[in-house]
Amino acid sequence: MANPEKKYYLTTPIYYANSRPHVGSAYTTIVCDVIARYKRMCGFEVAYLTGTDEHGVNIERAAEKLGISPADLVDRNQQIFRDLWKLLGISYTDFVRTTEPRHAVAVQNLVRRTQRVSPDAIFKRKYEGRYCIYDNLYVSDTPEPADCQICGRPAELISEENYFFRLSAYQEKLLQLYKDQPDFVQPDFRLNEVKSFVESGLKDLSISRKTIKWGIPWPGDPEHVFYVWYDALTSYMSGIGFVDGETASKKDSERFKKFWPADVHMIGKEIIRFHAVYWPAFLMAAFPDKPMSEYMPGRIQAHGWLLFEQEKMSKSKGNVAYAEPIVKALGNDALRYYLLREVVFGQDGNFSKDALITRYNADLANGLGNLSNRTLTMIENYCGGVVPAQTAAPSNLRGIASTTFHTKIRNSYDKFEFSDALTLLWGSVAIADKYLAEQKPWTLAKDPAQKARLEQVLYVAAESLRIVSVLAHPVIPDATQKIWEQLGQAGKIENASINDLQWGGLKPGTRIGKPEGVFPRADKNEILERIETMENEIRNPAGAQPAATSADPAAPAAATAAGAAGSPAVAAKIVIEDFAKVELRVGVVKSAERIPGADKLLKLLVDIGDEVRQVLAGIALSYAPEDLVSRKVVIVANLAPRKMRGLESNGMLLAASVGPDGKPVLCTFAEDVPAGAKVK
Ligand code: MSP
């Protein structure tokens, strides 16, 4: 039972519900999950809040484009977030949606409270300036055209009367806060950036919008809705029970009282100004009657960006990788471990599927997975499946047995230096592995006189495995739970205390579970191909695209042109206008070549009359590249481009899909037809 005095409140930002999360967005949530799990293992009761940011022009327009209501759009999208968090094993305790009534009441009450206790803090005046609808940022306070500092897109002109927050009045108080709480913003260099921003002078901030409908109405003046960031930031309070008024239930008020204010707001670096300047100022204005310790968050922790192809991974740049295919191909732990190990927390880090699989094989399959499999199988085979007599750690494994080492790992977790914690831990995995290689228990097992020695070696290996598993659990929860069970340990590993790990905790005589591999080795090419196929399905969901063909490596089998009879994708009749949306053209193959590492793919250059297109086709098992040159083909010319193996494919070849394996047979012409001719 967690010590009720030891409580910890941690938040992710609430995610814009206008699009599907990618690996970059999942990064914040995974990092917070590691912290939440770690804190629980230290005996803290943890409230971990996440949620969705569901208001604003961006959402309004995205819904309009799809021809659905904003409410339907956010309903649909928030579920995608919840599903992904489940898949990633995110142990959040509270989920807030900004369209929930409890949240709207909280936002309105916070502003009412502010108007009551700080009457000068909010005033009305005309605003004219540029606003980015994607980042909900006031880009400049003049009407001249300007691009958003965060996403680079052109900002829109706003000219209307708004409610303003007197941010300028909080400049000195904010600087004082940074002085009194020097770790209020982390890392330190971010605090310096924030300080210089504040020192350079703060302008009052518009906190309502008049020309938008999709938002929380301003109390007593419903022509206005709240500025999305005022609305969104308040979710850190409403999500944990703040209502501030007669409508608060007892349960809500108790939860709020217990956890508020947050220990850490975890954020990406681009939203630091909202959290480290606006948010504390909004709170100072709302609670001037209370000591700061009762309402000011402990820390704003900014992490860096996940880069993909050298740029911030983001939907608008089209350079995203999705988490679901990775988890389905390699497991949840693989993605978590890779992100925490590879990215130095606080700095930008590169994301690469290739590096992810290399890491997986080296550290998880060959590293921890191998240690676990070997040790447990040998206990099963040589010790009748029972943990042998306890023995002290030999000198080369003293590190892992010592509390100094455990404390070192904990210190790294405490400082959010995850990569350091994992580097240290995996150093121990390597030492344990080396120990087995040197002691050769498989040879000792052949000589009955060496029984005692054999048992000592296996005890050492198994106890090292137990200790590493506990220390690595916050990062790789699934595999460590499996190892825990295979070591015959009762209950959940998450309930093991990370604070008082002791060598010898593994009790002799314990019956171990059935040894089973936790990280099977991955064939890089095969896994890459699986991941990319699944990614393409996310980008171009079946049904949202014209009938795919077996010449398209990413096509789901049920949607192939020839093999689809009776499949749902073609069973429904389409009208001629639907078919007319597909632009089919005659193409002439100019060149064809194999793609290293991709067995099924060919890269073709196809002349379609007015241009030459690069097309990737999954026909390498049926066609030799040299046989394709000069051949006439039929190409779907208006298919959205997609990437495979880092190469762009701009179109798709039509082919019949023949036999049980769906062997592709390219469509062609018996008579002469020019490149570019329309096929209808
Ligand atoms: N809705 C606002 C936050 C309001 S909080 C009161 C928002 N949402 S977001 O969906 O754009 O971002 C959510 C989180 O994902 C942020 O922490 C953001 O930094 C993070 N990331 C999105 N893309 C990212 C990368 N490419 N790399 C790392 N994190 C990034 O901002």
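*Asks:* Any chance you could break down the environment of Ile 271 for me, citing the residues and the numbers?
*Replies:* Relative to the elements of secondary structure, Ile 271 occurs in the loop between strand E13 (264-268) and helix H10 (272-286). We classify Ile 271 as buried; its relative accessible area is 11%. On a C-alpha basis, the gap between Ile 271 and Leu 137 in space is 9.7 Å, while along the polypeptide they are 134 residues apart. Apart from residues lying up to four places away in sequence, Ile 271 is in contact with Pro 13 and Trp 229.

*Asks:* Can you lay out the pattern of salt bridges for me, pointing to particular residues and giving the numbers?
*Replies:* Overall, the coordinates contain 36 salt bridges when judged by the stated rule. Note that Asp 289 and Arg 113 form a salt bridge whose closest N and O atoms lie 3.4 Å from each other. Here the residue Asp 289 occupies a position in the loop between H10 and strand E14 (299-303), and Arg 113 occupies one in helix H4 (residues 101-117), the gap between them amounting to 176 residues. Ionic pairing is found between Glu 223 and Lys 210, a salt bridge with its closest N-O pair at 3.9 Å. Of this pair, Glu 223 sits in strand E12 (residues 221-226) while Lys 210 sits in the loop between strand E10 (208-209) and strand E11 (217-218), and the two are 13 residues apart along the sequence. The class of Glu 223 is exposed, set by a relative accessible area of 51%. Among the charged side chains, a network of salt bridges with common partners joins Arg 341, Glu 342, Arg 359 and Asp 363.

*Asks:* Report on empty space enclosed by the protein, specifying residues and quantitative values.
*Replies:* Evaluation of the coordinates by the stated rule reveals two cavities of 30 Å³ or more. One number sums up the size of the second largest cavity: a volume of about 40 Å³. Together, Gly 56, Tyr 131, Arg 209, Ile 212, Trp 214, Gly 215, Val 225, Phe 226 and Val 228 line the second largest cavity. Partitioning the lining of the second largest cavity into residue classes produces six nonpolar, two polar and one charged.

*Asks:* Go over the nonpolar core with me, naming the residues and quoting the values.
*Replies:* Core analysis: the largest hydrophobic core is formed by 108 residues, its most contacted members being Val 23, Leu 88, Leu 335, Leu 339, Phe 351 and Trp 426. When sequence neighbours within four positions are dropped, the list of residues in contact with Val 23 reads Leu 306, Met 313, Ala 321, Tyr 322, Ala 323, Ile 326, Leu 335, Leu 339 and Phe 351. Within the second largest apolar cluster, 79 residues are counted, among which are Val 107, Tyr 127, Leu 205 and Tyr 230.

*Asks:* Describe the site of the ligand, and please don't skip the residues or the numbers.
*Replies:* Around the ligand sit 24 residues, and of these Ile 14, Asp 53, Glu 270, Leu 306 and Met 313 come closest. The contact in question runs from a nitrogen atom of the ligand to an N or O atom on the backbone of Ile 14, over 2.8 Å. Interatomic distance of 3.2 Å between a backbone N/O atom of Tyr 16 and an oxygen atom of the ligand. When the ligand is considered free in solution it has 670 Å² of accessible area, and contact with the protein chains removes 94% of it. Among the elements of the structure, strand E2 (15-16), helix H1 (23-41), helix H7 (228-233) and E13 are those that each provide at least two residues to the shell around the ligand. Here the residues of the shell around the ligand are counted per class, giving 13 nonpolar, eight polar and three charged.

*Asks:* Provide a residue-level description of the packing of aromatic side chains, including the pertinent values.
*Replies:* Tallying each qualifying case throughout the model produces 35 aromatic pairs. A ring pair is formed by Tyr 131 and Tyr 227, whose centres lie 6.2 Å apart and whose planes are at 70 degrees; its orientation type is edge-to-face. Within this pair, whereas Tyr 131 is found in strand E5 (residues 122-132), its partner Tyr 227 is found in the loop between E12 and H7, the two being separated by 96 residues in sequence. Here the two residues Tyr 131 and Tyr 227 agree in accessibility, since each one is buried. On the basis of an interplanar angle of 85 degrees and a centroid distance of 6.1 Å, the ring pair of Phe 345 and Phe 416 is categorised as edge-to-face.

Analysis parameters
- Residues numbered from 1 in each chain as written.
- Predicted model: local features only at pLDDT ≥ 70, side-chain atom pairs only at ≥ 80, totals over all residues.
- Heavy atoms only, no water.
- Helix = DSSP H or I, 4+ residues; strand = E, 2+ residues; numbered from the N terminus.
- Buried < 20%, exposed > 50% of the residue type's maximum accessible area, 1.4 Å probe, protein only.
- Contact = heavy atoms within 4.5 Å.
- Salt bridge = Lys/Arg side-chain N within 4 Å of Asp/Glu carboxyl O.
- 1 Å grid on protein atoms, 1.4 Å probe; cavity = no way out; pocket = protein on both sides within 12 Å on 5 of 7 lines; lining within 4 Å.
- Points joined across faces, edges and corners; volume = space filled by probe spheres on them.
- Nonpolar A, V, L, I, M, F, W, Y, C, P; charged D, E, K, R; others polar.
- Core = buried A, V, L, I, M, F, W, Y, C linked by side-chain atoms within 4.5 Å.
- Near = heavy atom within 4 Å.
- Polar contact = N/O pair within 3.5 Å; in protein donor to acceptor, adjacent residues only side chain to side chain.
- Areas by Shrake-Rupley, 256 points an atom, 1.4 Å probe, with all protein chains shown as cover.
- Phe/Tyr/Trp six-rings, centres within 6.5 Å; stacked < 30°, edge-to-face > 60°.

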